[in-house]
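# Descriptive analysis of the structure
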Amino acid sequence: MNAATLTWATYAAPSRFYTLAGRLIPWCWAVTAEFCLAGLWVGFAIAPTDFQQGEAYRIIFIHVPAAWLSMLIYLVMAFWAAWGWMLNARMASMYARALAPTGVLFTFLALWTGALWGKPTWGAWWVWDARLTSEFILLLLYLGYIALTEAIDDPRRAANAGALLALVGAVNVPVIYFSVRWWNTLHQGATISLTTAPKMASTMLTAMLLMTIGFWAYSFAVVFARARAIVLEQESEAEWVRTLATGAEKS
Amino acid sequence: MSLLAVTRRDLRLARRRQVESLLPLGFFVVAAGLFPIGVGPEPQTLRQIGAGVVWVCALLAAMLSVTQMFASDYQDGSLEQMLLAPGSLAEIVIAKVFAHWLTTGLPLVVATPLLGLLFGMAAPAIGMLALTLLLGTPILSLLGAFGAALTLGLRSGAALVFLIVLPLTVPALIFGTGAVGAVDGGQSAQAQLSLLAALLIITFLGAPWATAAALRISLE
């Protein structure tokens with residue numbers, strides 16, 4: 001094979017993806033550890049105490065990156081699912097399925113850390129505020145996608161049906177977001193505002209960005225690992241998987 | 001196959017199984033009737049939760065019946081014939097959704113004033129509740145058809161529809177109950193009604209095509 005044919009599409013073949021992802025995973029873990037440790041250190045040791053919220057605010061170093069990634073992963077998942085559906089690219093579909101559990105994890109993490117922050121700051125674990133409600137609905141959308149793809153036995157139908165659902169969900173996300181916001185303003189009035197945060201110190205921002213990169217690398221690591229497992233499962237009839245399995249047994 | 005012919009066929013099928021097609025209405029009344037027993041009979045509380053309870057029960061009742069929209073046609077093979085038929089599959093979906101709404105959505109709207117009285121709601125609020133459900137139940141039928149098409153023939157299809165479709169119905173629920181709340185508070189419900197109507201139009205423009213695509217995926 002010459003260099004000209006070795007484009008990004010080369011890795012769309014499940015066998016090549018399998019080897020490439022296997023090589024990348026340790027690096028992803030290394031980046032994860034490095035940036036998360038640095039981010040936690042800057043966030044918990046260096047960043048100053050907030051004069052309004054005290055020490056409780058420090059949870060944002062986990063909360064905000066998790067919330068960002070929860071939304072980003074949904075869009076990425078919908079993108080790859082749609083790609084796999086329209087171009088009949090199986091690897092893209094498998095990748096979309098591998099993304100979903102990580103999205104659930106970050107959505108749940110965002111909700112959970114939000115609750116931990118809300119108790120000392122607002123005095124309640126949960127408030128039916130616009131953002132909380134739309135994040136909660138995002139969790140439901142993820143769960144619906146996972147439930148649907150797991151309920152269908154045929155992998156092709158599962159991938160395509162999941163893609164359609166993810167796309168409809170992606171179209172609905174802005175609608176849900178704005179409806180929830182209007183509902184909140186119409187009903188509740190301004191009892192709680194999320195815009196009271198003081199201007200952020202630069203060390204706080206640094207910590208948050210470090211954590212975001214760390215979480216991002218973590219997502220790559222686990223999604224690659226999960227996608228490799230899905231590849232093996234769906235390609236179990238293929239020649240290369242058989243040689244991989246028997247070769248591993250011999251050695 | 002013309003649009004009306006499909007609707008008429010589904011309506012005739014529903015008339016032959018009258019009790020079965022009235023089951024969602026029965027569920028609606030029973031579920032909404034359980035709330036005063038569970039929450040307690042204080043008139044003030046009941047009046048406050050009335051609109052929300054009726055709306056949520058309507059959501060659940062609609063989801064309960066949508067799996068039947070394609071199931072029998074799928075079993076006897078006529079759904080495959082509809083896929084092969086010339087003309088747009090989305091049109092057939094619209095016709096079937098319309099029949100579904102006439103047999104299950106409309107009875108809910110008709111029964112709503114009665115439930116409003118049970119919850120001790122004021123007359124203007126009851127009227128607004130019925131109006132929002134009149135606009136809202138077609139949205140539920142359209143979105144439910146999408147869920148039913150995706151889960152066609154699956155073992156756990158009926159339960160999946162709830163998980164898949166209910167998050168998508170949240171905007172309708174918010175604007176529907178919001179309109180009743182506005183009337184109850186002495187304000188104009190114009191904004192919420194307009195948004196609900198806009199939602200109906202957008203859903204009508206998008207959902208039948210998504211449902212048609214889902215049917216093709218499921219029957220591939």
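Note that the structure is a prediction, hence the values are computed from the model and not measured.

Assigned secondary structure in chain A consists of seven helices and zero strands. Listing each helix as α and each strand as β along chain A from the N terminus yields α-α-α-α-α-α-α. Residue burial in chain A is summarised as follows: out of 251 residues, 37% are buried. Across chain A, every contact between residues at least 6 apart in sequence was considered, and the portion connecting residues at least 24 apart equals 79%.

Secondary structure assignment for chain B yields 10 helices and zero strands. Rg of the C-alpha trace for chain B: 18 Å, near the compact-globule value of 17 Å for 220 residues, within the 12% margin. Taken over 220 residues, chain B has a buried fraction of 50%. In chain B, the proportion of contacts linking residues at least 24 apart, taken out of those at least 6 apart, comes to 80%.

Our focus in this paragraph is the interface of chain B and chain A. Contacts between the two partners involve 21 residues from chain B, matched on the other side by 23 residues from chain A. For the side of chain B that touches chain A, the secondary-structure elements that each account for two or more residues are α7 (123–150), α8 (157–165), α9 (170–184) and α10 (190–218) of chain B. Among the elements that take part in the side of chain B that touches chain A, α9(B) stands out by supplying six residues, more than any other. Per-class residue counts for the side of chain B that touches chain A are 16 nonpolar, four polar and one charged.

Now for the environment of Leu210(A). Residue and element names in this part refer to chain A. With respect to the helices and strands, the residue Leu210 is situated in helix α6 (residues 202–234). Taking the number of C-beta atoms within 10 Å as the measure of exposure, Leu210 has 22 and is therefore buried. Considering only alpha carbons, one finds Leu210 and Trp182, 28 residues apart in sequence, at a separation of 34 Å.

Here we take up the nonpolar core. Counting 138 residues, the largest nonpolar core has Met77(A), Leu164(A), Ala58(B), Ala145(B) and Ala214(B) as the members making the most contacts within it. Among the elements that make up this core, the one with the highest residue count is α7(B) (14 residues). Apart from residues no more than four positions distant in its own chain, Ala214(B) is found in contact with Ala161(A), Leu164(A), Phe146(B), Ala149(B) and Leu150(B).

Quick look at the packing of helix α3 (residues 43–66) of chain B against α7(B) now. When two helices pack together, their arrangement is given by the angle between the helix axes and the distance between those axes. Residues and elements named next belong to chain B. Two numbers describe how α3 lies on α7: the axes approach to 9 Å, and their chain directions differ by 30°. As judged from the angle between their axes, α3 and α7 are roughly parallel. Remark: the crossing between α3 and α7 carries right-handed chirality. Contacts from Ala51, Val54, Ala58, Leu59, Ala62, Met63 and Val66 of α3 reach α7 at Ala125, Leu129, Leu133, Thr137, Leu140, Ser141, Gly144, Ala145, Gly147 and Ala148. Its residues placed into classes, the contact of α3 with α7 shows 13 nonpolar, four polar and no charged.

Taking 1.5 Å per residue, 27 residues should reach 39 Å; helix α2 (residues 60–86) of chain A reaches 38 Å between its end C-alpha atoms and fits that length. Positive phi appears at Asn88(A), one or two residues downstream of α2(A), with a value of about 55°.

Residues and elements named next belong to chain A. Interhelical geometry of helix α1 (residues 14–46) versus α6 gives an angle of 155° and a closest axis separation of 7 Å. With respect to α6, the axis of α1 lies roughly antiparallel. Read as a crossing pair, α1 and α6 show a hand that is left-handed. Taken together, the residues of the contact of α1 with α6 break down into 26 nonpolar, seven polar and one charged.

Here the focus is the confidence of the model for chain A. When pLDDT is averaged along chain A, the result is 82, and 85% of the positions lie at 70 or above. With pLDDT under 50 throughout, residues 186–194 of chain A is counted as low confidence; its partners more than four residues away or in other chains account for six contacts.

A few words now on the confidence of the model for chain B. Summarising the model, chain B shows a mean pLDDT of 90, and 100% of its residues fall at 70 or more. The ipTM assigned to the predicted complex is 0.88, against a pTM of 0.87.

This brings us to unusual backbone geometry. Negative phi values dominate among residues other than glycine, just as trans dominates among peptide bonds. Positive phi values are uncommon outside glycine, yet Asn88(A) reaches one of about 55°. Looking at the secondary structure, you find Asn88(A) in the loop between α2 and α3 (90–122).

It is worth spelling out helix α1 (residues 3–16) of chain B at this point. Residues and elements named next belong to chain B. The first and last C-alpha atoms of α1 sit 21 Å apart over 14 residues, in line with the 20 Å expected at 1.5 Å per residue. Within the sequence span of α1, burial applies to Val6, Thr7 and Asp10. Each buried residue of α1 sits inside an arc of 100° when the element is viewed along its axis, so together they form one side. Seen from the open side of α1, the exposed residues pointing more than 90 degrees away from its buried face are Leu4, Ala5, Arg12, Arg15 and Arg16.

Another point: the environment of Glu34(A). Here Glu34(A) is to be found in helix α1. Remark: the alpha-carbon pair of Glu34(A) and Met208(A), spanning 174 residues in sequence, is separated by 14 Å.

Below, the discussion takes up the environment of Thr103(B). Residues and elements named next belong to chain B. One can find Thr103 in helix α6 (residues 89–118). Its 24 C-beta neighbours within 10 Å are what place Thr103 among the buried residues. Taking the C-alpha atoms as reference, Thr103 lies 7.7 Å from Leu22; in sequence the two are 81 residues apart. When neighbours within four sequence positions are excluded, Thr103 is seen to be in contact with Leu11, Ala14 and Ser21.

About the cut-offs
- Residues numbered from 1 in each chain as written.
- Chains lettered and ligands numbered in written order.
- Predicted model: local features only at pLDDT ≥ 70, side-chain atom pairs only at ≥ 80, totals over all residues.
- Helix = DSSP H or I, 4+ residues; strand = E, 2+ residues; numbered from the N terminus.
- Buried ≥ 20, exposed ≤ 12 C-beta atoms within 10 Å, placed from the backbone.
- Contact = placed C-beta atoms within 7 Å.
- Rg over C-alpha atoms; globule rule 2.2 N^0.38 Å.
- Nonpolar A, V, L, I, M, F, W, Y, C, P; charged D, E, K, R; others polar.
- Core = buried A, V, L, I, M, F, W, Y, C linked by C-beta atoms within 7 Å.
- Axes fitted to C-alpha atoms, helices over the stretch in contact; angles between N-to-C directions.
- Parallel < 35°, antiparallel > 145°, perpendicular 65-115°, else oblique.
- Left-handed = near helix turned anticlockwise from the far one by under 90°.
- Expected span 1.5 Å × (residues − 1).
- pLDDT = per-residue confidence, 0-100.
- Arc of directions from axis to C-beta.

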